[in-house]
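Observations on chain architecture
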Amino acid sequence: LGRSHCGMEARNLKQRVRPDADSEGGGAGVQVVVSDKYAGRPTPPPSFGAGLAGAGGRTYGAYPALQAGAAAAGAAGATDFSAVALDAGVEGLLRSRDAMITAVLTLLALVTRLYRIGRRPNVSWDEAHFGKFGAYYINGTFYHDVHPPLAKMLVALAEVVAGHNGSFRFSSGAAYPAHVNYTLMRMQMAMYGVALAPLAYLTCLHLHMSRPMAVLAACFVLFDNAICVMSRFILLDQPLLFFTALTLLSAAAFQHTSRHGRPYSRRWWAWLAMTGFSLGCVMSSKWVGLFCVIMVGVATVDDLFRKYCNRMDWEDIGMHWNARVVT
């Protein structure tokens, strides 16, 4: 059923692509005609031919033959670019504009997360639990907790960097003594929250959103009151959210590379490995990270099913499965 659907889609695609009768070489040029409703729109330059999109916003980057033909036709000036969609994704190194926006978002996140972070000198909220667990790691005290250990080990690392010797018990509401640099502890944990805004922006770019929409999405994360508050205390939520955002970015970048790039390239393997690494980290922070694993798993099954529908060889499908299982 899936292959039958893909065959119908391929026939519809062929109807949209026809040789250009005016080009030399008997059909060497390709004219892309998608829909009359796009007539009259501004025509972008031929360099954007790789971002061809059909009616309803469907991209044809997954069809190398169409992409190559469109590029050749663009060079000959024979392509109808009335339905071209500008690709805002990040290719290779960040473009200068993307780098500038990322830097500005990072600076604003530093302000919203770090401004007067040490104002409250008392053990607040769940600092009584997770600060205490970090101290247990430092002084070698055995304890049992329902959550996996990674985020609590990162809390212990923050306490070690701040010079804590594990003697303070983090009693709820107690004032921090002079020898406990709680401000530095909170600042280190806040760095995970700072990274959320630029990660949100980059993820949206890899999902082919425009820059204005990517900036808007990043601002939602940047000025969200709940995220700002959670980022300012010694909690497990900051590492959990950071690894979740890193997983979304890695998965989106891998899907972009898989559909528009060359499989098994260095970039392909790098993003796949980063996706597996971040999934392991989010599962090792809190059990709620299992939902992130399920989300990526469903996207992976969908991607492999699409490759099956496109009549990929069984050997290639097996290689794709093995690559994902290994990472």
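Residues numbered from 1 in each chain as written. Predicted model: local features only at pLDDT ≥ 70, side-chain atom pairs only at ≥ 80, totals over all residues. Heavy atoms only, no water.

What follows concerns the pattern of salt bridges. Under the defined criterion, the tally for this structure stands at 7 salt bridges. The partner of R306 in a salt bridge is D302, with the nearest N and O atoms 3.0 Å apart. Here the residue R306 and the residue D302 both occupy positions in helix α12 (residues 290–309), the gap between them amounting to 4 residues, near one helical turn. When its relative accessible area of 46% is taken as the criterion, R306 is described as partly exposed. What makes D302 partly exposed here is its relative accessible area of 34%. Between D303 and K307 there is a salt bridge whose closest N-O contact spans 3.9 Å. With a gap of 4 residues between them, D303 and K307 both fall in helix α12, about one helical turn apart. With a relative accessible area of 3%, D303 lands in the buried category. Taken together, the shared-partner salt bridges connect D303, K307 and R324 into one network. (Salt bridge = Lys/Arg side-chain N within 4 Å of Asp/Glu carboxyl O. Helix = DSSP H or I, 4+ residues; strand = E, 2+ residues; numbered from the N terminus. Buried < 20%, exposed > 50% of the residue type's maximum accessible area, 1.4 Å probe, protein only.)

Relative to the assigned elements, M230 resides in helix α9 (residues 225–230). For M230 and G193, which are 37 residues apart along the polypeptide, the C-alpha to C-alpha distance reads 8.2 Å. Not counting residues up to four positions away in its chain, the partners in contact with M230 are W125, L235, D237, Q238 and L241. (Contact = heavy atoms within 4.5 Å.)

Quick look at the packing of helix α6 (residues 182–194) against helix α7 (residues 196–206) now. For the pair α6 and α7, the least separation of the axes is 5 Å and the interaxial angle reads 15°. The angle between α6 and α7 places the two elements in the roughly parallel class. Contact residues: α6 offers Y192, G193 and V194, while α7 offers L196, A197 and P198. Across the contact of α6 with α7, the residue classes tally to 5 nonpolar, 1 polar and no charged. (Axes fitted to C-alpha atoms, helices over the stretch in contact; angles between N-to-C directions. Parallel < 35°, antiparallel > 145°, perpendicular 65-115°, else oblique. Nonpolar A, V, L, I, M, F, W, Y, C, P; charged D, E, K, R; others polar.)

This part takes up unusual backbone geometry. Backbone geometry places R116, a non-glycine residue, at a positive phi of 50°. With respect to the element layout, R116 can be found in the loop between α3 (96–114) and α4 (127–139). Exposure remark for R116: the relative accessible area of 47% places this residue in the partly exposed category. We note that R311 has phi near 60°; this positive angle belongs to a residue other than glycine.

This paragraph deals with the packing of aromatic side chains. All chains considered together, the criterion is met by 17 aromatic pairs. A network of ring pairs unites the aromatic residues F130, F133, Y136, Y137 and Y143 as a single cluster. (Phe/Tyr/Trp six-rings, centres within 6.5 Å; stacked < 30°, edge-to-face > 60°.)

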